[in-house]
Amino acid sequence: MITKIENLNKKFYNKQVLSDINLEIEKGKIYGLLGPNGSGKTTMMRIVANLIKNTTGNVEVNGLELGKQTKNIVAFMPTSNFFPKWMKVKNAVDYYNDFYEDFNREKCIEILKKVDIEMDLKIKSLSTGMTEKFKIALTMSRNAQLILLDEPFSGIDIIAKEDIKKLIVENLTEENATIISSHLIDDIEPILDEVIMIKKGQIVLNENVERLREEKEMSIIEIYKEVFLNV
């Protein structure tokens, strides 16, 4: 087990965003954190990445409470394009190499070659799909044990989605785990081992994908519609 979440709650002012979240994340698996926009997916990821504080509850990563040590083993990819406009691809790669001790520069360059992103390109010139692939290349070039990808498929074309899914699967090992936040179920269903559905800040389903398909005799997208749309 890489991550354990117990009785996690988060409030922003008077708004309850997460309520009594309990989860265990195991190594060697890809998890889908599924739910509509505003359901609490990003908030939960940001707490696990130690970017914001939980209100109550406990989160451990590899047996460690959230802190400086867990930041070194958790890699988080946000939805935003967080690079300065002046940066070229090679500048961002060098920045990651200087900032993260576990960053593998050679691995990153190899991934960028696979997805046809040149080092001399300006980041502001990249298309939406290329930007997502670039962000994932940087994130996955860290030797992190827990990888958090927030909505990696939003606004990109079919080809880019396939490239990104391939990168995610190729990066999985017996020593790490990946959590993908998404409301685009069709895009990630084929690569998931486990599915977590969150609705209005509460987990309403947490199950193995194959077991769930067999028991329900439904696809994950059909189950998602049943949970969230009542159809």
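Going by the structure above, here's the rest.
Overview of the structure. What you are looking at is a predicted structure, and each value in this text was computed from that prediction instead of being measured. (Residues numbered from 1 in each chain as written. Predicted model: local features only at pLDDT ≥ 70, side-chain atom pairs only at ≥ 80, totals over all residues. Heavy atoms only, no water.)

1. Some words on the sheet that holds strand 9 (residues 194–199)
In a beta sheet, neighbouring strands pair by backbone hydrogen bonds and run either parallel or antiparallel. Under the convention used in this document: DSSP-based pairing: two strands are paired if at least 2 bridges between them are found. In this description a helix means any DSSP run of H or I spanning at least four residues, a strand means any run of E spanning at least two, and both kinds are numbered starting from the N terminus. Comment: axis = line fitted to C-alpha atoms, over the contacting stretch for helices; angle = value between 0 and 180 degrees taken between N-to-C directions. Residue contacts are defined here by distance: any two heavy atoms, one from each residue, within 4.5 Å place the two residues in contact.
Read from one edge to the other, the open sheet built from 6 strands follows the order 6-7-8-3-9-10, with strand pairing classed as mixed. Of all strands in the sheet, those with a lone pairing partner are strand 6 (74–77) and strand 10 (202–208), marking the two edges. Pairwise comparison of adjacent strand axes, ignoring direction, gives a mean angle of 15° for this sheet. Here 6 bridges tie strand 9 to strand 10, and the two strands are oriented antiparallel to one another. Bridge pairing in strand 10 links Ile198 to Ile203. Strands strand 6 and strand 7 (146–150) of the sheet are contacted by helix 5 (residues 128–140), whose axis makes an angle of about 170° with strand 6.

2. Overview of the pattern of salt bridges
What counts here: Any Lys or Arg side-chain nitrogen located within 4 Å of an Asp or Glu carboxyl oxygen qualifies as a salt bridge. Throughout, exposure labels follow a simple rule: accessible area from a 1.4 Å probe, protein chains only, divided by the maximum for the residue type, with under 20% read as buried, over 50% as exposed, and the rest as partly exposed.
Inspection of the entire model under this criterion finds 17 salt bridges. Across the salt bridge formed by Asp163 and Lys133, the nearest N and O atoms sit 3.1 Å from each other. Of this pair, Asp163 sits in helix 6 (residues 158–171) while Lys133 sits in helix 5, and the two are 30 residues apart along the sequence. Across the pair Glu189 and Arg213 runs a salt bridge, and its minimum N-O distance is 3.2 Å. Linking Glu189 in the loop between helix 7 (185–188) and strand 9 with Arg213 in helix 8 (residues 209–216), this pair joins segments that are 24 residues apart in sequence. Taking the relative accessible area as the measure of exposure, Glu189 reaches 11% and is therefore buried. The exposure class assigned to Arg213 is partly exposed, which follows from its relative accessible area of 22%.

These figures come from the coordinates and say nothing about function on their own.
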